[in-house]
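Spelled out, the chains give:
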Amino acid sequence: MKNLRISTLTGALAIMLLAAVNASAITVQEIGVNPFETPIVSITGIGTVCVYAGVNKLNVDGVATDGFCIDPFHWSLASSSSYSYEALASGPKGAAMGSTIALDVERLWGSYYSQALTSPTVAAGLQIAIWKLVGGSAVTVVSGNDYGAAGYINNVESLTYSGPVANLVALTGPGQDYTVPAPIGNGGGVPDGGTTAILLGAALCGVAAMGRKLRST
């Protein structure tokens, strides 16, 4: 029974640690959108607006990072220190996309991101495709040109899709939510400055010490 108590305690502390790391505050600044197009879209709860559809240029805890908006239902903020990483399937806030759509978004990024870096048309099509997947009928392009978004969606939803799949996470906060490459250590490119390793080491030391105490009782 003592071993079971130690194992249970270790698992509980590990879960608490991971939750604390994921929930740690991340500062996100939106530097701009580039390249982009400016379609007119109708969004439930927002109205009919002209938007910048393209690659979001972000500063994530001081690191230049490309992302795409996964949250057409909230306005962007110039800067906020209250963001956190979440599993992509859990984003955006209040309207979790689920694992099927999350996979489609990762396929979209894998298939079109490289082209989007130099093509405003592809960048806009990729962004609109993400909005349509996440928002469904709540997002309508009323200016008539979806910049290829429908075709992109058909491609990644194909049962025979065999293209690249990106490893992405959601950045969730008080403004609009984004998808970005997963942090380093999870196959992506947003460093965490070693914080996770430091906290994990400290937690494991604490678990070991507590385990010795439990065995001695």
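Use the structure listed above.
What counts, and at which threshold
- Residues numbered from 1 in each chain as written.
- Predicted model: local features only at pLDDT ≥ 70, side-chain atom pairs only at ≥ 80, totals over all residues.
- Heavy atoms only, no water.
- Helix = DSSP H or I, 4+ residues; strand = E, 2+ residues; numbered from the N terminus.
- Buried < 20%, exposed > 50% of the residue type's maximum accessible area, 1.4 Å probe, protein only.
- Contact = heavy atoms within 4.5 Å.
- Areas by Shrake-Rupley, 256 points an atom, 1.4 Å probe, with all protein chains shown as cover.
- Axes fitted to C-alpha atoms, helices over the stretch in contact; angles between N-to-C directions.
- Parallel < 35°, antiparallel > 145°, perpendicular 65-115°, else oblique.
- Left-handed = near helix turned anticlockwise from the far one by under 90°.
- Nonpolar A, V, L, I, M, F, W, Y, C, P; charged D, E, K, R; others polar.
- Pairing = 2+ DSSP bridges.
- Salt bridge = Lys/Arg side-chain N within 4 Å of Asp/Glu carboxyl O.
- Core = buried A, V, L, I, M, F, W, Y, C linked by side-chain atoms within 4.5 Å.
- Arc of directions from axis to C-beta.

Tell me about the overall build of the chain, and name the residues and values.
Helices and strands together make up the secondary structure of the chain, namely five helices and nine strands. Looking at the chain residue by residue over its 217 residues, the buried ones come to 41%. Residue pairs at least 24 apart in sequence account for 68% of intrachain contacts in the chain once pairs closer than 6 positions are excluded. For the chain, the exposed surface amounts to about 10700 Å²; the carbon and sulfur share of it is 60%.

An account of the packing of helix 2 (residues 98-116) against helix 4 (residues 149-156) is requested, with residue identities and associated values reported.
In the contact formed by helix 2 and helix 4, the axes pass within 9 Å of each other and the chain directions differ by 110 degrees. Taken together, helix 2 and helix 4 sit at an angle that is classed as roughly perpendicular. Crossing geometry of helix 2 relative to helix 4 is assigned as right-handed. For the pair helix 2 and helix 4, the contacting residues are D104, R107, L108, S111 and Y112 in the first and Y152, I153, N155 and V156 in the second. For the contact of helix 2 with helix 4, the per-class residue count stands at five nonpolar, two polar and two charged.

Provide a residue-level description of the pairing of strand 4 (residues 53-60), including the pertinent values.
Each regular strand shows side chains that alternate between the opposite faces of the sheet. Across the eight residues that make up strand 4, a large majority, seven, are buried. One ladder, built from seven bridges, connects strand 1 (residues 26-37) with strand 4; its direction is antiparallel. Directly across from V28, in strand 4, lies its bridge partner V60. Pairing of strand 4 with strand 5 (residues 63-69) involves five bridges; the strand directions are antiparallel. Bridge pairing in strand 5 places K57 opposite D66. Taken together, strand 4 and the strand that follows it, strand 5, pair antiparallel across an intervening segment of two residues, in which D61 is found at a positive phi of about 50 degrees.

Got a sec to walk through the pattern of salt bridges? Specific residues and values, please.
Two side chains that carry opposite charge are able to pair once their charged atoms sit near each other. Inspection of every chain in the model, using the stated rule, returns three salt bridges. Note that K93 is salt-bridged to D71, the shortest N-O span being 3.1 Å. A residue pair is termed long-range when its members are at least 10 positions apart, and K93 in the loop between strand 6 (79-87) and helix 2 and D71 in the loop between strand 5 and strand 6 qualify at 22 residues. D71 gets classed as buried once you look at its relative accessible area, which sits at 0%.

How would you sum up the sheet that holds strand 3 (residues 47-50)? Please name residues and give values.
With antiparallel pairing, the three strands of this open sheet are ordered in space as 3-2-7. Only two strands of the sheet have a single partner each, and these edge strands are strand 3 and strand 7 (139-141). Here the average twist between neighbouring strands, direction ignored, is 25 degrees. Note: strand 2 (residues 40-43) against strand 7, three bridges, orientation antiparallel. The partner of I43 across the bridge, within strand 7, is V139.

Tell me what's going on with the nonpolar core, and back it up with residues and numbers.
Within the largest apolar cluster, 38 residues are counted, with the highest numbers of intra-cluster contacts made by F68, L88, L108 and I130. Those elements giving two or more residues to this core turn out to be strand 2, strand 4, strand 5, helix 2, helix 3 (120-135), helix 4 and strand 8 (168-172). With 10 residues, the top contributor of residues to this core is helix 3.

Please provide a residue-by-residue account of helix 4, values included.
Taken together, the buried positions of helix 4 are A149, Y152, I153 and V156. Looking down the long axis of helix 4, one finds its buried residues gathered within 95 degrees of arc, a one-sided arrangement. Packed against the buried residues of helix 4 are helix 2 and helix 3.

How would you explain the pairing of strand 2 if you had to name every residue and give the values?
Where burial is concerned, the two faces of strand 2 differ: the one with V41 and I43 is buried and the one with I40 and S42 is not. Bridge count between strand 2 and strand 3: four bridges; the pairing is antiparallel. Within the sheet, the bridge partner assigned to I40 lies in strand 3 and is C50.

Outline the environment of A95, listing residues and values.
Relative to the helices and strands, A95 resides in the loop between strand 6 and helix 2. C-alpha separation for the pair A95 and G135, spaced 40 residues apart in sequence, amounts to 8.6 Å.

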